[in-house]
Structures are given as C-alpha cells and as structure tokens.
Amino acid sequence: MEEFVVEFEELGGATVEWLQNLYRFTDENLLPVVHSEITCKELSTCLVKCLRRICLNCSDPCCQQGKSELALLLNYRFVSLCELQSQQKSPCCSHLAWSASQFEEWSQGKESFPEGHKPLSRTNLLLCGYLTDKICNIPGTSESTGEQSDGNLYLQGKNGFIPCEILKLDPQWLGHLVLFSSWSYIPVKDWRPHGIETGYHEIIEAPCLVLPKQSVDKLMGPSSLNILLPDTAIHLLNKGVHRQRVKLNIAGELCRLSSVLSIRGKTFFFLFLSSFTSDTCLPVVIKVPDKLMWHQCLEVSKQYIITKVFISSLQGTNYKVFVVSSSSDFYNYNEGIVKEQTLAEFMQATNTSLVPPAPNEGSFQKRLSMSQSPQSSMEEVLESKESKIISYHGVISKVLNCRAGLYELDGRLGLCVAYQQLVNYGRGLRPGAQVEVFDAHVHVKVSDHLPHIVLCCCLRSTLQITQFSRLSTEYHPFSPSCNIYIHLLFKYNLDLPSYLWLVHVIDTFVQRFCPCYTSQQHMLKCGTNAGIIGTLFNCILDYTKWNSPQPTRDIYQEILAEMHTCPVMEISHLNIPCQMLSLAELLSMAEEQAWNSLDLSSLLPDNEIRHMVASQLNRKLAWSFDVLGPEDFQPKMILNGVFQANSVTGHLQLVDASGSLDCVLQNSEVNQTAFSDTSYIGCLVQLQKYRVVLERFMHCDFPSSKHLDDPTFVKEKHTRVYVECRAGDLQVLGKSASPERPSPAPPATTGVSARTCSCNGACKNHEVNSITSNQHQHGPSLPKMPLLEEVVLQEGHVGESRRTVCSHPLWSGGAAAASPSVKEQEQQQQGAATCTVHPAACKGKRKHKRRSVGCVTQLMVVTHKDALMLRNCQYGRSEGSEHTNGSVEALGKRTKAGLGLSFHVSAFTLASPRRWKDEGSIEGLLELETDPTLCSEFNNRAQVQLDFMGEAVRWYHLINHEGVYRVIGPEQVGASVFEQHSSSIPLKTLQSMNCPRCLVVQPDWKFQYISTFSDLLQSPLSKKQTNIFAYFEKLASEIPHPRTVQDILSGSFSASLVSFTGIILERMCFESQRRPNFQSFITDIDAKGVLVPGDWCLKFTIGHVQDRTIALDVYVDLSQLTYTIGILPGTIVAFYNLERITSRHNNVYCKFLPWSSVSVLAFSSSEGESSSRSTLITDRPLLYLGDLISGKESCRQGTVCCHVVNLQLMKLQWVCSRCRSIYKQGRCTRSSEPCPSAVGVFHANTKIIVEDGTAEAWVHCKDKQVADLLQLSSTEWEGLQQHVSQRGNVLFQYQGRSGHELHEENTGDLLMQYLGTVCASTMVCRPIQLAFKVDSRAKPKLGHTETFQMRMLRSGDHQYCTKMAPGLSLTCLHIKEVDYRMLCHLGNDRLI
C-alpha cells in the first residue's frame, strides 16, 4: 500500500486517505475475482487511471485542470456488492461524471412525474466488479457447481453476484473488470419468487474497462468469409442434405428476435434473418449457453453474418432450422469481406447433395412476419375476429399486477406479458421506464378492470427496454415459475379475456382474505398441492363446466409457423361463468334486490286485501322475507368466506375483510340432528349451493290497501340478510391448522376429490372471534324494536341488521334522507381509524409457524341447553372463576352489573380429564380407552352445568342436545379446572340437593365435536368393550329424547316439560299483552309468512313431520330472547323443554321458556316454495264431519264435501280504517272524539249450517268468502257494498232455525228482501267443497252420551228421527265448487 500511495504523495492528506481506502477495497473485493496474474498495487493503479479518464470527461467545474481531477472522487467511495445488498433498502443511483445541473435535467425529464412518485436519490458510491454472463462457484465455498449461463448479465464480487441490465451490450465487456460511472440499484421488496434473492443494477451509461487490452473490433469480422444468403440457404431447409452437421455461414437482415425461453431446463431463443431482396426468411435457434448473450447484443433491422451454423430438426416437430454451434460467431455485414456462394458451389465445396423433403415438413419460403397495422381504425379492430398485430413504444406508468404480468403504458394502454417468458424476471419494467413492444396483439374491451385497449405479447412478440426509469419505484419481479397465475393460465390454456377475469378473481380474493386469514404469499402458493387458489378454481370449473379442455400450446408452432396461431390471436368475448363478490357487496346487492322487487300487494292475501283495516294491514306489511338462490344472480353467485362463530351474537358467520354474513347450517347426515361440527371453524370455505334469506322489516302507516303506492306512509325500513346451506355443500379451500374435531373428514363435494378440497394445513386458528364492523344506526325505530337488537347489536355488522329511513327508490325517489347522529359519526371515525378491514377477520389472524402447545381436555355429553337470552351474567360467578390479569379494567369488567347474553348447558362428564402435550396430536377417544374407573361401580359420573357468557356465547349454535364434545382448556390451568366449582353456593350443599357442579366457560376454551351420543353408542369402541357399552346404555336411559307432535297431543301424555320435533306450518304474530283475536297471516310451507318485530310475540303452528294435519301451537315471547334466524315456514325444527299447557277448552299448546331452546334440523324444500296458493285446498285431507266429532280424526284443518243447509246470519258493515267505528255516508261516525280518517273498509260476516250426511256444522265465513258463497259477480258485489254504505251497518237474520221468514220490521225493506231471496235460493243452498279450520274454542266435549240429541229430519214426504251429535264450529278458509264425480264417490263410500 505504501508504494501505491507514494506515487500520489504530492496530493493532500485527504486524497492519501482516500487512496488507502481504495487499495484496501481492491485487495479485499476486486483482486479475488480477477482472472489474471496481477498485483494489488497494479490493479489499484489501473483503477485510479480509469477514474481519471472518467473525470477528464466530467463536466463538473472542480475537475477541469491539472491534478484536481481527483477532487470529485474525494466525495465518492467504493461499495462492495455485499454491503450494497445489505445496507441499501431503497432505490438509488450514482452518476460520477454528471454535474448537479446535468443530474437535475436527467431526473426531471421532459414529462411530469406520475402522482405519488419521486426521482431516484443520488448517492456518491463507486461500483466496480467482474461483468459476466455465467454464474460460477463462489470462492470459499465447498461446492463447485461450474459455470452456468442463463441469458442474464451479472456483476460478480467477492461474495456473490448481482444481476445487471444493460440497454446495449458490447461483447468486449464480458469477462472483464469494469467500473460503472452511471448506474442505479433497485432492491427487491415484499414478494420474492424462487431465484430472486436480491435487487439488481440498471447500467445507465457504458462501463469503463479497468484493464483495457489491445484488440480489433470483434464485430468487424475476419478478412474474408464464404456466406449463403437467405434466398439460397432456404433450399437447404426445404430439401435437406445427406451429410449431417455440415457447417455453413449465413447472412441477412435481422427482421425479428424472439424472447429468451427457458423450458425444461433449456434456455434458447430464435432470430430470423431475412433476404435483402425478397421475403425469404431463415430461422436460427441459439441454445448454446455461451451464445445466449447475443440476445442483448443484436439489434433488429441491422445486417449480420452468423458463422458455423448447421441444420437440424426440432425434436417432436417437422420444422428444420439453422442451429448456432459452440464455435459460431456473429459479425456486422460488410460486403467487402464476404463472398456470396451459390447453392451449387456450396454443394461442391462441402461434397453434399440435396434430398427431397418429407411430407408435411414446414416451409420457410416466405418471410415469417406478421401483418402490422398501426394505422388501423378502432372500428376495424372491433369488427375483426382476429386481433391486430402492432408495435408500440411507450412508458410504463403503473404496475397493475406484477405476478400476473400486467402493466400500464402511458396511462391509457394495458400490457400483458403473461403469455411469454421473461427470463430476467421482468427487471427494468418499472414505472417510468420506456419500452418498445414488437408484434403485440391488440385487444379492445377485454376487461372492466383494465384499460380500454390491451397489448398482449405472445411467444413471437418481443419486449425491449429502451430507457431505464429515473423514478424511485420498487422492483416487482415477474417469474413464471411457482406462479399461480401462470400455472392456471397454461393448465387451462386460457384466452386473454378469461385470463384477465381469472386475475381479477384472484386479486379480489387476496384482498378479502389477506393478511387477516393468511399471508398473501401463502394464498398464492403454487406447488404440487392444489393450494387455496388452485382448489378454488377446481371447484369453480367443476361447478360451472366453464372451460372445456383446450389443446396443448405448441410453442414451435406459435413462433415458427407461417400462419401464426396463439391463444391471444382470436378475439373472443368473455362468458363469465360465475361471480364471487365480497360479502359486503353481496349484502348490498341482495338488499337492493329485495326492496326493488318488492310488491307490497303481494304480501297480502288476495281475498282479504280489500277488507283489512289499517292495523291489520300494517301488521302484515311489518315483516316479510324473500329467498334468493345462486341462479337469481347473473351470473351465478359463489360465496366464499372464513367460517366463524360470532362472539357477540352467537351466530355462525362467513367473514371476509369487507364484513360478515350470518348463516344457518343444516346437517347433511341421514339422521336429522342439528349442525354441531366444530371442525369447520376457521376454515376458508366456498358455497355453491345455498339460499340467501332476506328478512324485511317495515314501519308503515297505510290507512288502507288503496294507498300502497304512496311512499309517504313508509316510516322506516330494516333489513336482515343471512344464508342457509347444508354442511355437505361447504367446500373447504383452506383448513385450520388446529382442527376443532379429531381427524375431520372433508365435506362431500360433487366431482371434486377430497384432495382438492383441502389446503394441506393452510392456516392456524387459535381462537374463533368475530366483532362487528360498521356502526349500528340509531334513527327512528320501529315500535319498540327488540331489546336484543338494542343491547347486543349496538355496533352492528354487515348483514346483521341494516336500517334506513325511506331510502327505497320506489318510495322515496332518491337517497336516504336521514343523517347519522354525532355519536354515530364519532364511532364510524374511530372504526375507520383503527382498522381498514373487517375486525372479525383480523382477530382470527393465523401464524404459519406452528409450535407445540399443551392442553387439558374433558369429554362431555350434552343433555340440555337453555335459550340464548339476556341474563344477569354476574349471578353464580365466583371471585376466581374468570382468569384475569389483575388490572383495574379487568376487575371492572368482571364486577360491572347489567344484563348480557348468556346461556347454560347441562352435561355429563365422560371419563376423567386428560392432559396432552400437543393440542395438534389429539385423536381418537383415548379418554375412554385408558380410563380404568370409567365403568366401575364406584365411578360416580359428574353432572355439570356450563355457564356461557361473554365471548363464550359463540359456541351456542354448535353445542346441541345429545352431542358428545371434548372441552379443551390451556395447559396452564391444569386438569383440575374441570373439577372446580364456580358457584357461590357450597359444593356440598349442591350435592346434597342433587344439583350439578357449575363451571364458567372461559374465552380461551374450545369445544371439539366428536359425534352424537347415539352414534357413539353404536361405535366399534362401544361394541368392542362390553363394560363401556353397558355404561353408555345406562347413560342413554337418563338422556331425554325428543318426541313427536302426536305424542305431545296424546291424552295420556302428562309431562309438563316436553321436547319434540316438527315442521313449521304457520307463523303468526300477536301482541305480548293480550291473546290474538285474529290471525296475522295464514300460511303453510308453500307460502311466505310474516313476522312483526319489536313488541310482538310469535305463534308457530308445528305439524307432525309425517302427517302435517296433526299440529299444535307454540308461543314465543321475544322480549329477552335473541332473534332466531332460519325459523321459516317449511323448516323442520326441534324444540326442547317447552312448557306443555292444556287450555280450558281442552286444547294443548306449548310455551317457550327461558330454559327452552330450538334447533334447525332441515330447511324447506325448493319445490314447496315454488307451489302456488291455489294448491292449499288439495294439500288438506278430505274428511267426514262425523269423524271429527267421534274423535277418529284429530286434524286441525281439512276439506269436506258438504251441502249448505241454511244461511242463518249475515252481517254487512262499513267500518273506519283507523278506529273501526261505523263508517257511514263517507265519514266516520265516532262521537267521542272526531276521527280524521276518510277511509272506510267493507266487512261481511255470515254464519251458515252445512251437513255431509254424517254430521252438521256451523261455519263462519267472512269477506270474499261471503261473495263466493252467494255466487255474486264482482259488479253485483260492488253494488251491494254501495247500498250498505248508505246505512253503514246491515244485519240480516232469519226467524227460527228452519224457517225462511224475515223479521217483521224488515219485511218492507227492499235490501232485506233481496238478501232473503238470494240466501234462500238454490244458488246458496248447494253442494260445496269447503276448506275449513276447526274452531277450538267452540269444540264440544266429545265422548259423553248426554251430548247427543234426538233430531227430526225431513226428506220429501218422509220424516226421520235420529240421534245426532251437537254441531261443530268451523272457520271457512276457502270455498270451491264441488265436483259431482267426487260426490258419487263419497256416496258409494257411505253405502259401503
């Protein structure tokens, strides 16, 4: 070092120190990579001379004279490649020979910066290294991999290589130590595909050789060469030669240069030399690793000579091409050094002869160029069935999707490079870079998510960078390997519109579930397993049959064929098979569709709509629901989400980053049991078969049905959306790493293997939680909205409940008029500031690095579950029952008084608690197999009561009656936690009273579903061990099982608490303070019911599953209960622990209590939903009235063919729609207080006597049924109503039971005489088919002989005396004219 510094001793101390650092850098970093015998002093001196040459050409004023050229260098220092990689985290540049003004002019450029970008920051660093195209073994490593060339340039340092990008490569630079005076370093961030470990260099100016040598320009070529021009050499390709490997020299103009391809470990590219005078074109393939750098040296439109090539056929094809050999070289074409040979001269010189071509061999007589049409109009592009081919020069303005190979040019064009390979991983393709695209396909309007015009590169296209970006933008690598986009593209051979749709689906899928469910890198993983995205598209294609099998892509045909064919050549229109919107978008679309398609008149019965007063009308409109299937969305909708349980409401949900959607699941097993499988918790699932249920709540004040089109009477709207599906339709895309069930089997899918429905342990789910995201809006509410909505859903969540005020465009004509309160705005601002995605998804974030976590478990079988309702959560909780950190906040939470959601579960413990070293290793039922005291006579099985409150309420819909569960607790709490007692009452006191032990379920406990207890009883484990089987049988006798509706109605049944299964036939609403005196809505499984929220209670008519004519009523008070979703007409449900009550009329009904519960077993069938109302009569059984009296039939509803004996009473009146007072002559007659109503409603009621030969019955008819009974036309019925409106009230009644005389005061009344004539005519007294409902309050006490009476019947001239039972009291549901063939059949039946 001293000898080196002495040469510059006349310089100052600062320069000497700088030279010493240069010497050290040379010795440590440069000398090991120089492949020549040179000392460190000599190499350092050459390096200084090289720097001086650069500084002499520098424009900086401080380096203009004498020895001061090193003054600029004092501000610079050498940097090693290792230091640059480890220390430089942001893009930078260095320009040694540039002045400040020159750098500013370069950085600013002519164009303005894109928004959000800034120029590269300048650093004073010197970069020097060994420029090579080969990756060789690194000195100091044990492995010697040899030199490898992959078509890329590298700068080699002591410890490794850094890729380099040079716009125009001079072959003389390769294999030499070079100094870069102007360069940029672009580090790589975020996603790094396989092979990308570091950033790269962009070489802006030509490098300087540190060790220059005397050499003649390589491109000048030798003094003389014999060449074949394309017009001559093409005959050798078409006919071939006898001798193999005959080497020759060819020359021509470079007309096309393909991109570098790497297939099956071989890297190669094609170039095409065209004739100077014709269209003849020669294909040349370069696959020798040492010649791959030609791709960066050759320029299109220049003339070259290529030496020592030979002719060969491409394997597996009929194409013959010229192949560059290892001894080949290329030179600039110069007529002075070449000698053109004819074909005969070449054949004579090489002693070869031509052979005839084989059939179907490719011909290259014409130039392989594609018609370019840069001047084509947009109309021509749109009308053409094939895409136009153009070349384009532009600037990359944005990277749309680096992995998918999508960029934006000049802010208006799209660029797709996915159909070709970029072996340099897209280095240099950054915003601000100028690129030139040759032979790109033009597509217009191929995607709504990309620019209007898209340029797509195929294998014949070429993409070149003409100027590097001056912006400080990140490097986004593009790698075809391990790329899920490219994998799916080539797997299904997609065209451009389909590929862009696939990219959009994947991008939205990643936005919905990354990083909250899993990392983006894991989501886009592409390997031997299908992965999440692969499984997703396998399921989609199997469901939609969208993409038919396509032929394999032929790369040689795409590059070499005279008639160009490629996947992007044809212009095709995308036929989207399905859509996968986010949950928030789905809810918004479903809600909009629910209100836009709503016809208020369709919610009202046709025969009652004109006869309803305001209170009846508004009750019926207060609640309605609609059902949408996948086919109701265009295109079909596929649902995706993370399956979770909400810790606030207890509902099961699908969650993504945008929101959550409540769901109700039906078990897919043959035996009807409630869904309890906890293994789906935390799994990413897909739903292709489902039903979206939209419950609509309205607060309206319509005076009559005539005002339904007036939107001013609608005060408030409220929507609740959820989805119903079967467990078998849950397709798992990614499983939770910590399963909630031992060895869960994947759900059954249609045409999809079990392997594709898993994700190979995708992600972990340590805890299942869900919090609401959007704030609950406090606007004008319905009359006393449910307390649960006010207390539990304070924050609300997407799909939980939405409330708007007159926001429906049909009613309001615009946007919502209500504005959020100040408190709402503050809550929304806080929510927006804390998290930009749905908190429910973020709380379940997974970690991929799994570690062993111990746990303690306890097997339990559930025998009882209470209702999820508002309770005093402090009752029964001991001081130490909840694990807290001892903070003031935790203590305040625990001691805070008030109501909260909670429920209780009663269970029997099975075996003793067990400790596990690893929670992931839980399998089987080792607790039962290894517990010797399980069936001992001294074993007193423990009955426990589990209290679920707080976050633990999330397990409500997963814990069901007769289910066997494994309770999993953290290891630190110990196995004794399941034997503790959390109640304030001493345990001995409870044991003496035969009360269960109380346990408070902690938030970190988990429940793992095993099976139902009946399945466990039939399991091989139970049958193999006799003692366990006997133990299970004894335990099964103590577990209550649901009965049927028929059992509950039996007179011998005496239990006060009952459990039963049944199907919902009707649902009605009534006020909680009084019993209903009218039916709010009559429906069965074939029609849609109405439920009014708020201060109303529900009445369900539950029928026997097999015989729906057997039914009982269930009353539910919603004041403190959670709002139960999925309880719709046609649903099969199981009620537990209802109170069975017998009324004073000897009718049995049930009442829902706080310790009752209900579970959904099966949804209504789609066939039932599509049936019309006209089929309601045929659905009811055909009965005899005598069978109802004798007790042979216990049906509540039915159909009877009978004869109208007499019309006994008819009452016609107009009432006020508001107060129900008499409405006379166009006004209300209420005298106590003036009524502002100006609307009247017509009511008609009649009482008739019918008989069918077995018994007679009194039948009550009303409104439209009266018109059907009298057989009046619509004109006659309207006229009768007008006559009654003048009087307000008309009462028509006969004297006596059998007489047809009117009262004396009505004998002169024309209206009364008209009614008497009509009612006594055969038009009324005729056979009819009557659909009825038994009036339970007027039902006689049967079975007592004293209730039968002697009756005289007259038939013509004969009189008969017979004993008859008292008449039944029936309510008419429908009147239909009888078919006389049915009467004949009934007559024959009676005679028999």
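Residues numbered from 1 in each chain as written. Predicted model: local features only at pLDDT ≥ 70, side-chain atom pairs only at ≥ 80, totals over all residues. Heavy atoms only, no water.

(A) Spatial organisation of the overall build of the protein chain. In terms of helices and strands, the protein chain carries 34 helices and 60 strands. Relative to its 1392 residues, the protein chain shows a buried fraction of 55%. Relative to all contacts within the protein chain whose residues are 6 or more apart in sequence, the contacts with residues 24 or more apart total 75%. (Helix = DSSP H or I, 4+ residues; strand = E, 2+ residues; numbered from the N terminus. Buried < 20%, exposed > 50% of the residue type's maximum accessible area, 1.4 Å probe, protein only. Contact = heavy atoms within 4.5 Å.)

(B) Fine view of unusual backbone geometry. The omega torsion of the bond from Cys-514 to Pro-515 falls at 0°, within 30 degrees of zero and hence cis. Residue Gln-634 is joined to Pro-635 through a cis peptide bond whose omega torsion reads -5°. Look at Lys-445: it is not a glycine, yet its phi comes out positive at around 55°. Within the element layout of this structure, Lys-445 appears in the loop between β23 (434–444) and β24 (453–456). A positive phi angle, near 65°, is found at Arg-1220, a position not held by glycine. With respect to the helices, strands and loops of the structure, Arg-1220 is situated in the loop between β51 (1197–1216) and β52 (1223–1224). Among the residues examined, Arg-1220 registers a relative accessible area of 43% and is labelled partly exposed.

(C) Looking closely at the pairing of strand β4 (residues 125–135). The element β4 is largely enclosed, with a buried count of 10 among its 11 residues. Sheet topology places strand β1 (residues 77–78) next to β4; 2 bridges connect them, and they run parallel. Looking at β4, one finds that Phe-78 is bridged to Leu-126. One ladder, built from 5 bridges, connects β4 with strand β7 (residues 176–180); its direction is antiparallel. Its bridge partner being in β7, Gly-129 is matched across the sheet by Val-178. Across 5 bridges, β4 lies against strand β5 (residues 148–156) in antiparallel orientation. (Pairing = 2+ DSSP bridges.)

(D) Structural context of the packing of helix α6 (residues 230–239) against helix α8 (residues 343–350). One way to put it is that α6 packs onto α8 with a least axis distance of 10 Å and a crossing angle of 55°. When the axes of α6 and α8 are compared, the pair comes out oblique. Contact with α6, carried on its side by Thr-232, His-235 and Leu-236, involves Leu-343, Phe-346 and Met-347 of α8 and no other residues of that element. For the contact of α6 with α8, the residue count by class is 4 nonpolar, 2 polar and no charged. (Axes fitted to C-alpha atoms, helices over the stretch in contact; angles between N-to-C directions. Parallel < 35°, antiparallel > 145°, perpendicular 65-115°, else oblique. Nonpolar A, V, L, I, M, F, W, Y, C, P; charged D, E, K, R; others polar.)

(E) Broad picture of the side chain of His-201. Along the chain, His-201 turns up in strand β9 (residues 200–203). Contact partners of His-201, with chain neighbours within four places excluded, come to Leu-81, Leu-84, Leu-127, Leu-155, Ile-162, Pro-163, Cys-164, Glu-165, Trp-183, Ser-184 and Tyr-185.

(F) Molecular detail of the confidence of the model for the protein chain. Taken over all residues, the pLDDT of the protein chain has a mean of 76, while the share at 70 or more is 73%. Segment residues 137–145 is flagged for pLDDT under 50; beyond a separation of four residues in sequence, or across chains, it makes 10 contacts in the model. Segment residues 1341–1346 is flagged for pLDDT under 50; beyond a separation of four residues in sequence, or across chains, it makes 5 contacts in the model. (pLDDT = per-residue confidence, 0-100.)

(G) Inspection of the nonpolar core at higher detail. Within the largest apolar cluster, 73 residues are counted, with the highest numbers of intra-cluster contacts made by Tyr-499, Ile-533 and Phe-537. Counting residues per element, this core draws most heavily on helix α11 (residues 496–513), which supplies 11 residues. Not counting chain neighbours up to four residues away, the residues in contact with Ile-533 comprise Ile-484, Leu-488, Ile-506, Phe-509, Met-523 and Leu-524. Core analysis: the next-biggest nonpolar cluster, separate from the first, contains 59 residues, Phe-643, Leu-652, Ala-952 and Phe-978 among them. (Core = buried A, V, L, I, M, F, W, Y, C linked by side-chain atoms within 4.5 Å.)

(H) Structural context of the pairing of strand β57 (residues 1327–1334). Burial analysis of β57 places 6 of its 8 residues in the buried class, the great majority of the element. Pairing analysis gives 7 bridges linking β51 to β57, with the strands arranged antiparallel. Of the residues in β57, the one forming a bridge with Cys-1202 is Ile-1328. Summarising the sheet, β57 and strand β60 (residues 1368–1377) pair through 7 bridges and their orientation is antiparallel. Counterpart to Phe-1332 in the pairing with β60 is Cys-1372.

(I) Broad picture of the state of the cysteines. For the structure shown, the criterion picks out 0 disulfides. Take Cys-93: it sits in no disulfide, and the sulfur closest to it among the cysteines is that of Cys-92, at 7.0 Å. (Disulfide = S-S within 2.5 Å.)

(J) Structural view of the packing of aromatic side chains. Evaluation of the coordinates by the stated rule reveals 27 aromatic pairs. Where Trp-98 meets Trp-106, the ring centres are 5.5 Å apart and the plane angle is 65°; that geometry is what we call edge-to-face. With respect to class, Trp-98 is no different from Trp-106; both count as buried. Plain terms: the ring middles of Trp-1214 and Phe-1242 are 5.5 Å apart, the flat faces sit at 55° to each other, and that makes the pair tilted. Taken together, the residues span a long stretch of sequence, with Trp-1214 in strand β51 and Phe-1242 in strand β54 (residues 1240–1251) at a distance of 28 residues. Each of the two residues, Trp-1214 as well as Phe-1242, counts as buried. Cluster of aromatic residues (ring-pair linked, three or more members): Phe-903, Phe-948, Trp-955, Tyr-956 and Phe-1007. Sitting over the ring of Phe-272, Arg-256 keeps its end group 3.9 Å from the ring centre. Looking at Lys-717, its charged tip hangs above the ring of Trp-595, at a distance of 4.7 Å from the centre. (Phe/Tyr/Trp six-rings, centres within 6.5 Å; stacked < 30°, edge-to-face > 60°. Lys NZ or Arg CZ within 6 Å of the ring centre and 35° of its normal.)

(K) Broad picture of a positive patch on the surface. On the surface, Arg-245, Lys-247, Lys-266, Lys-287 and Lys-308 cluster together to form a positively charged patch. Summarising the element assignment, Arg-245 is placed in the loop between α6 and β12 (248–257). (Patch = residues over 30% accessible without salt bridge, like charges linked within 9 Å, V, L, I, M, F, W, Y side chains within 5 Å. Areas by Shrake-Rupley, 256 points an atom, 1.4 Å probe, with all protein chains shown as cover. Salt bridge = Lys/Arg side-chain N within 4 Å of Asp/Glu carboxyl O. Lys, Arg positive; Asp, Glu negative; His and termini not counted. Charge placed at Lys NZ, Arg CZ, Asp CG, Glu CD.)

(L) Inspection of the side chain of Glu-724 at higher detail. In this structure, Glu-724 sits in strand β34 (residues 714–726). At 2.5 Å, the side chain of Glu-724 forms a polar contact with the side chain of Arg-691. Discounting chain neighbours no more than four positions away, the residues touching Glu-724 are Val-664, Tyr-690, Arg-691, Val-693, Gly-1126, Leu-1128 and Phe-1163. (Polar contact = N/O pair within 3.5 Å; in protein donor to acceptor, adjacent residues only side chain to side chain.)

(M) The environment of Ser-1119, seen in detail. Among the secondary structure elements, Ser-1119 is positioned in the loop between β47 (1111–1116) and β48 (1132–1142). What makes Ser-1119 partly exposed here is its relative accessible area of 33%. Expressed as a C-alpha distance, the spacing of Ser-1119 and Met-869, which sit 250 residues apart in the sequence, is 9.3 Å.

(N) Highlighting helix α16 (residues 614–621). Burial of α16 is extensive: 7 of the 8 residues sit out of reach of the surface. Among the residues of α16, those classed as buried are Ala-614, Gln-616, Leu-617, Asn-618, Arg-619, Lys-620 and Leu-621.

(O) Structural view of the pattern of salt bridges. In total, this model carries 19 salt bridges according to the counting rule given. Across the salt bridge formed by Asp-133 and Lys-134, the nearest N and O atoms sit 3.1 Å from each other. Lys-134 carries the same exposure label as Asp-133, and that label is buried. A salt bridge links Glu-165 to Arg-427; the shortest N-O distance between them is 3.1 Å. Of this pair, Glu-165 sits in strand β6 (residues 161–166) while Arg-427 sits in the loop between β22 (413–416) and β23; the two residues are 262 residues apart in sequence, bridging distant segments of the chain. For the residue pair Glu-165 and Arg-427, the accessibility class agrees, reading buried in each case. One network of salt bridges, in which partners are shared, links Asp-133, Lys-134 and Asp-290.

(P) Geometry of α11. In this model α11 runs 26 Å from its N-terminal to its C-terminal C-alpha over 18 residues, within 8% of the 26 Å that 1.5 Å per residue would give. Summarising burial for α11: 15 of the 18 residues are buried, a large majority. (Expected span 1.5 Å × (residues − 1).)

(Q) A look at the environment of Leu-126. Locating Leu-126 in the fold gives a position in strand β4. Relative accessible area serves as the criterion here: at 0%, Leu-126 is assigned to the buried category. Considering only alpha carbons, one finds Leu-126 and Ser-181, 55 residues apart in sequence, at a separation of 7.2 Å. When near neighbours in sequence (up to four residues on either side) are disregarded, Leu-126 contacts Trp-18, Leu-51, Tyr-76, Arg-77, Phe-78, Val-79 and Leu-96.

(R) Representation of the packing of α11 against helix α13 (residues 531–544). Taken N-terminus to C-terminus, the directions of α11 and α13 make an angle of 125°; their axes are 12 Å apart at the nearest point. When the interaxial angle is binned, α11 and α13 end up oblique. Considering only the axes of α11 and α13, their crossing is right-handed. Contact residues: Trp-501, Leu-502, Val-505, Ile-506 and Phe-509 in α11; Ile-532, Ile-533, Leu-536 and Phe-537 in α13. Partitioned by chemical class, the residues of the contact of α11 with α13 number 9 nonpolar, no polar and no charged. (Left-handed = near helix turned anticlockwise from the far one by under 90°.)

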